[in-house]
2 protein chains.
Amino acid sequence: MRLLPNLELIKTIARPSPAKIVLLVIDGLGGLPDPKTGKTELETANTPNLDQLATKAICGLIDPVSPGITPGSAPGHLALFGYDPLTFTIGRGVLEAIGIDFSLESGDVAARGNLCTVDEAGLVTDRRAGRISTDKCTELCQLLDGLVIDKAKILVRPVKEHRFIVVFRGEGLAPDISDSDPQQTGVAPRTITALSPQAGRTASIASQFIARAKVILAEYYPANMVLLRGFSQRPQFPTMGEVYKLKPAAIAGYPMYRGLAKLVGMEVLETGTSIEDEFATLKRNYANYDFLFLHIKGTDSAGEDGDFDRKVRIIEQVDNALSQLMSLEPDVLVVTGDHSTPALLKGHSWHPVPILLYSKWCRPDRVSQFSESACVSGGLGRFPATQVMLLAMANALKLTKFGA
Amino acid sequence: MRLLPNLELIKTIARPSPAKIVLLVIDGLGGLPDPKTGKTELETANTPNLDQLATKAICGLIDPVSPGITPGSAPGHLALFGYDPLTFTIGRGVLEAIGIDFSLESGDVAARGNLCTVDEAGLVTDRRAGRISTDKCTELCQLLDGLVIDKAKILVRPVKEHRFIVVFRGEGLAPDISDSDPQQTGVAPRTITALSPQAGRTASIASQFIARAKVILAEYYPANMVLLRGFSQRPQFPTMGEVYKLKPAAIAGYPMYRGLAKLVGMEVLETGTSIEDEFATLKRNYANYDFLFLHIKGTDSAGEDGDFDRKVRIIEQVDNALSQLMSLEPDVLVVTGDHSTPALLKGHSWHPVPILLYSKWCRPDRVSQFSESACVSGGLGRFPATQVMLLAMANALKLTKFGA
C-alpha cells in the first residue's frame with residue numbers, strides 16, 4: 001500500500017507563491033500527565049495565545065515515525081519536513097558531526113567514536129572509559145587530531161564526555177566499512193572490514209588510525225583506546241526548494257537542528273539561542289523567505305531532565321512570544337513537536353504529538369485548547385508526521401490539483 | 001512512505017525486559033447495534049471491570065486488515081501479533097490442518113478437501129456432497145487414509161461435514177500445484193498440474209490419489225468423489241522471540257488459535273476450554289513468560305450463530321474473569337478482538353474493533369466505557385491492527401529509540 005508523501009509526486013504539483021508558512025517546532029512537546037493533577041506539561045501551562053489560536057485552527061495528533069516508535073531528533077524532524085525517516089536515513093557518524101556543527105565536506109567519511117578502556121589483553125572493560133569529562137576528551141582528541149594516513153587527513157573533535165567524532169578526508173574514501181565497536185565488554189574491539197570492494201582502502205586507513213590511537217593513548221588509562229562506529233557520508237537529499245518550490249530558512253539555537261535543516265536545503269539563519277532571540281530572528285528575516293522553521297530546544301531538555309515544571313515554564317515562554325509571530329500574519333502557522341518527551345519518562349517517547357494548523361482555509365474544528373487530550377478530538381485526527389508539510393502546503397494554496 | 005511494522009527494523013530496537021504484556025483477544029468482539037436498543041453486544045453487556053479499566057487506559061479502534069476488509073481468523077490474529085497479513089500468508093491446506101490440531105511436519109504438503117458428488121459423466125453436481133455428516137466424513141476418510149503413492153505417504157483426516165484434509169508426506173514434495181476443485185458445478189474436476197518444474201512429481205502423486213479416491217468412493221454416493229485445493233506447506237515465519245525478544249505463550253481452547261500461535265513461535269500452554277479454565281491457566285503460568293496471549297472463542301461463535309444475547313453473556317463472563325487478571329498487575333494489558341462478528345450479520349465483518357490498552361505510561365484518554373461508540377473518541381484513534389504490538393512493546397518500555 002502506498003502512502004503519501006512521495007517527493008517526486010509533490011515536485012509535480014508544488015507551485016511557488018508569496019504565501020508564507022511558519023513551522024514552529026517545540027521539541028519534545030508531548031508529555032504525560034502528572035499523577036497528582038492528571039495534566040500533562042502542556043495542559044498545566046497557561047497558554048492563552050495557543051488556546052486562542054486553537055479555537056481558530058484545526059488540531060490533531062501526529063506520529064513522527066509510527067505508533068509505538070520513539071524517534072530520535074533526526075527522524076522526528078525529517079518527518080516534519082516531509083522526508084520519510086525510514087527512507088531518508090542519516091549515518092551515526094554524520095549525525096554526530098552535525099550535532100557539533102562540524103562542516104562535513106563532500107566525500108568525508110565520519111564515524112562516531114568512544115574513548116574506552118581496554119585491559120592488558122586488549123579486551124574492552126568499559127565502553128565509555130568511566131565517562132571521562134568533556135575537558136579530558138577534548139585534550140585527548142587534540143592528541144589524535146591531524147594524523148595523515150595513506151594520504152587521508154584525519155580530523156578528530158570532542159563531542160561530550162567519552163564521545164568524539166573522527167572524520168576521514170581525502171580522495172576516494174567509502175563509508176561502507178564495519179564498526180570496530182563490539183557493543184559489549186569482555187571482548188576485543190572488532191577488526192574493521194570493507195563491506196564493498198571499493199571500501200578496502202578506507203577500512204585499512206581506519207584500522208591504521210585505531211592502531212595509532214592505541215599507541216598514543218596507552219598512558220591515558222582509563223581512556224586508553226577508541227571504538228568507532230557508524231561510518232557514513234553526508235547524504236544527498238532532495239532539497240525543500242526542489243520538492244516544495246519553497247525558499248526555506250531555519251532558526252535554531254542548537255547545532256543538530258541547524259544541521260538537519262541544511263541537509264534538506266534550508267538556509268540557516270544567524271540567531272541567538274534564547275526564545276526571544278529566535279523569535280526576533282524570525283521577525284527580522286520574515287520578508288526574505290516563504291518557509292520559516294523555528295526550533296525551540298528547552299522543552300526537550302527539560303523533559304529529558306525530568307523537570308516537569310521547567311518544561312511548563314518554557315511552554316509558557318513560547319506562548320508569550322507567539323503574539324509577535326501572529327502579528328506577522330503568516331498564511332500558515334503550524335505548531336507542533338518532533339516527538340514527545342514526558343518529564344515522567346525523562347526521555348523521548350512514542351506518544352503522539354499535538355499539532356495545531358492555522359490558516360485562512362483550515363476548516364476549524366471544535367478544539368479550543370492546545371493540549372494532548374483536546375487534540376484527540378481535533379479535526380486532523382491522528383496521522384503520520386510526514387504528512388504535515390502536505391497540509392501546510394495545501395493550506396498555503398501551494399499545491400495544485402492531482403490528476404484532472 | 002513506508003508503514004511500520006517492519007519486522008527486521010523491530011528486531012534492531014526490541015530489547016528484553018522483565019515487563020509483562022497480556023494480550024486478551026475476545027474473538028469477534030465488535031458488533032452492530034440491536035435496532036431495538038441501538039446498542040451493540042459490547043454496549044449491552046454489563047462490564048464494570050472493562051469500563052473501569054477504560055477510564056485508566058487509552059482506547060481506540062483497529063482495522064485488522066484494512067477498512068472494508070472482512071478478515072478470516074488467520075489474518076485477524078497475524079495482524080494482532082504484528083505480522084502483516086498481506087505479506088505473511090498461510091495456504092488453505094495448512095490452515096485447515098492447523099484448525100484440527102494436525103501436526104504438520106516440515107516438508108508436508110497439505111490440501112483442503114471436499115467430498116463431492118459427480119455424475120456418470122464425471123461432472124460435479126454438488127461440491128459438498130449434500131453436506132454429509134461429520135461421522136460419515138470420518139468413515140470415508142478412514143478408507144482414503146494411509147495410501148502410499150510413489151513413496152509418498154498420504155494422510156487423510158476429517159474436518160467437519162464434507163470437509164477434510166489430505167497431507168502428502170515424503171521426500172522432495174512441492175506445494176506449487178494447481179487445484180482440482182473447479183469451484184463450480186456442471187464441469188469436471190480440474191486436472192492437477194505442476195506450477196513449477198520441481199512440482200511435477202507432487203502433481204502426479206496428487207492426481208493418482210484422486211484417481212484412487214474415485215475408485216474407493218464409487219459406491220458411496222453422494223460422496224463419490226473428492227475435490228482438492230490450497231496445496232501448501234507450513235510457512236517459516238520469524239518468531240516473536242526473534243522479532244520482539246519476548247518469551248511468548250498462548251492460551252487458547254481451540255486448535256486454530258493454538259496453531260496460529262505456534263506459527264509465530266509462541267509456546268502453547270495446556271488449558272481447559274472454559275473462560276475460567278483459560279484465565280486459571282494464565283495465572284498458573286504467569287511467572288514464566290513475558291507475553292501471554294489469551295483467546296476467547298465463545299463471542300465469535302455466538303456472533304456466527306446470530307445469538308446476540310449469548311454474545312452479551314460471554315462478554316460479561318470475560319469481564320467477570322478480568323478482575324483476577326488485573327490482580328496479577330501486568331505492565332501492559334491489551335483487550336481487543338481479531339475482527340468484528342456482529343450477531344446481526346451472523347459472520348465476520350469489516351467493522352473496526354474496539355481496543356483498550358492499559359499501562360502506567362499509556363496517556364489515558366477521556367473514554368470511560370469500553371464500547372464501539374466510546375472508542376471512536378479514544379486517544380489511540382483508528383489505526384491498523386498490525387501496530388498493536390508496537391504500542392504494547394512501547395508501553396512495556398521494550399523498544400529503544402529509532403535513530404539518534
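Residues numbered from 1 in each chain as written. Chains lettered and ligands numbered in written order. Predicted model: local features only at pLDDT ≥ 70, side-chain atom pairs only at ≥ 80, totals over all residues.

Let's talk about the overall build of chain A
Helix and strand counts for chain A stand at 14 helices and 14 strands. Expected size for 404 residues packed as a compact globule is a radius of gyration near 22 Å; at 23 Å, chain A falls within 12% of this value. Projected onto the principal axes, the alpha-carbon positions of chain A cover approximately 65 × 55 × 45 Å. Within chain A, the proportion of its 404 residues that are buried is 54%. Contacts in chain A between residues far apart in sequence, at least 24 positions, make up 73% of those at least 6 positions apart. (Helix = DSSP H or I, 4+ residues; strand = E, 2+ residues; numbered from the N terminus. Rg over C-alpha atoms; globule rule 2.2 N^0.38 Å. Buried ≥ 20, exposed ≤ 12 C-beta atoms within 10 Å, placed from the backbone. Contact = placed C-beta atoms within 7 Å.)

Remarks on the domain arrangement of chain A
All names here are of chain A. Per the domain assignment, the segments of chain A are domain 1 (7–89 + 238–395) and domain 2 (94–232). The centre of domain 1, based on its C-alpha atoms, is set 35 Å off from the matching centre of domain 2. With six residues of domain 1 at the interface, the matching set in domain 2 holds five residues. Per element, the largest residue contribution to the side of domain 1 that touches domain 2 is five residues, and it comes from helix α9 (residues 255–263). Across the side of domain 1 that touches domain 2, the residue classes tally to four nonpolar, one polar and one charged. (Domains from an automatic or database assignment. Nonpolar A, V, L, I, M, F, W, Y, C, P; charged D, E, K, R; others polar.)

Concerning the confidence of the model for chain A
Model confidence for chain A is summarised by a mean pLDDT of 96, while 100% of its residues fall at 70 or above. Confidence metrics for the complex model read pTM 0.93 and ipTM 0.91. (pLDDT = per-residue confidence, 0-100.)

Here we look at the interface of chain A and chain B
When the parts of a complex come together, some accessible area is lost, and that lost area is often used as the size of the interface. Across the boundary between the two partners, chain A contributes 32 residues, which contact 22 residues of chain B. Broken down by secondary-structure element, the contributors of at least two residues to the side of chain A that touches chain B are α4 (73–80), α5 (92–99), α13 (372–375) and β14 (381–384) of chain A. Classifying every residue of the side of chain A that touches chain B by side-chain character gives 17 nonpolar, eleven polar and four charged.

Comments concerning the relation of the copies chain A and chain B
Overlaying chain A on chain B yields an RMSD of 0.1 Å, the required transformation being a rotation through 124° with an accompanying axial translation of 0.1 Å. Both copies of the chain, as the preceding transformation shows, are related through a three-fold rotation axis. Of the interface residues in chain A, just 16% have counterparts in chain B that sit at the interface too, so the contact is made through distinct surfaces. (Least-squares fit on C-alpha atoms with pLDDT ≥ 70 in both.)

Side note on helix α3 (residues 48–56) of chain B
All names here are of chain B. All of the buried residues along α3 are Leu50, Leu53 and Ala54. One side of α3 carries all its buried residues, which in axial view fall inside an arc of 105°. Next to the buried residues of α3 lie β2 (58–63), α12 (308–326), β12 (332–336) and β13 (353–359). (Arc of directions from axis to C-beta.)

Some words on the environment of Arg212 of chain B
Residues and elements named next belong to chain B. For Arg212, the location among the structural elements is in helix α7 (residues 200–217). Arg212 gets classed as partly exposed once you count the C-beta atoms within 10 Å, which come to 15. Separated by 27 residues in the primary sequence, Arg212 and Thr185 have C-alpha atoms spaced 21 Å apart.

With respect to α5 of chain A
For the α-helix, the turn length of 3.6 residues means that residues three or four positions removed from each other point alike. Residues and elements named next belong to chain A. Burial of α5 is extensive: eight of the eight residues sit out of reach of the surface. Contact partners of the buried residues in α5: α4, β3 (109–118), β6 (152–160), β7 (163–169), β8 (225–232) and α9. Immediately downstream of α5, the backbone of Asp101 shows phi near 65°, a positive value.

Section: the environment of Asn114 of chain B
Residues and elements named next belong to chain B. Of note, Asn114 is situated in strand β3 (residues 109–118). By C-beta crowding, Asn114 is classed as buried, having 23 other C-beta atoms within 10 Å. Sequence spacing of Asn114 and Cys137 is 23 residues, and the spatial spacing of their C-alpha atoms is 9.6 Å.

Focus: the sheet that holds strand β9 (residues 248–252) of chain A
Strand-to-strand pairing in sheets goes through backbone hydrogen bonds, with the strands running parallel or antiparallel. Sheet architecture is open: eight strands sit in the order β10-β9-β11-β1-β12-β13-β2-β14 (chain A), paired in mixed fashion. The outermost strands of the open sheet, each flanked by one partner alone, are β10 (267–268) and β14 of chain A. (Pairing = 2+ DSSP bridges.)

Brief notes about the sheet that holds β12 of chain B
All names here are of chain B. Strand order in this open sheet of eight strands is β10-β9-β11-β1-β12-β13-β2-β14, and the pairing throughout is mixed. Edge positions in the sheet fall to β10 (267–268) and β14 (381–384), since each of these pairs with one other strand and no more. The pairing of strand β9 (residues 248–252) with β10 spans two bridges and is parallel. When the sheet's bridge partners are listed, Ala249 is paired in β10 with Glu267. On the sheet, α3 packs against β2, β12 and β13 and is oriented at approximately 65° with respect to β13. (Axes fitted to C-alpha atoms, helices over the stretch in contact; angles between N-to-C directions.)

As for the nonpolar core
Counting residues in each nonpolar core, the largest one holds 264 residues, and the members touching the most others are Cys59, Ile355, Leu357 and Ala392 of chain A together with Ile355, Leu357 and Ala392 of chain B. If we skip the residues at most four places from it in the chain, Ala392 of chain B touches Ile21, Leu23, Val332, Val334 and Leu357 of chain B. (Core = buried A, V, L, I, M, F, W, Y, C linked by C-beta atoms within 7 Å.)

Thoughts on the packing of α4 of chain A against α9 of chain A
All names here are of chain A. The N-to-C vectors of α4 and α9 enclose an angle of 45°; their axes lie 10 Å apart at closest approach. One element, α4, and the other, α9, form an angle in the oblique class. Here α4 runs over α9; the crossing is right-handed. Contact residues: α4 offers Ser73, Ala74, His77 and Leu78, while α9 offers Met256, Tyr257 and Leu260. When grouped by side-chain class, the residues that make up the contact of α4 with α9 number five nonpolar, two polar and no charged. (Parallel < 35°, antiparallel > 145°, perpendicular 65-115°, else oblique. Left-handed = near helix turned anticlockwise from the far one by under 90°.)

A word on the environment of Leu123 of chain A
Residues and elements named next belong to chain A. Its place among the elements puts Leu123 in the loop between β3 and β4 (124–126). On the neighbour-count criterion, Leu123 (14 C-beta atoms within 10 Å) is partly exposed. Not counting residues within four places of it along the chain, the set of residues in contact with Leu123 comprises Val118, Gly186, Val187 and Ala188.

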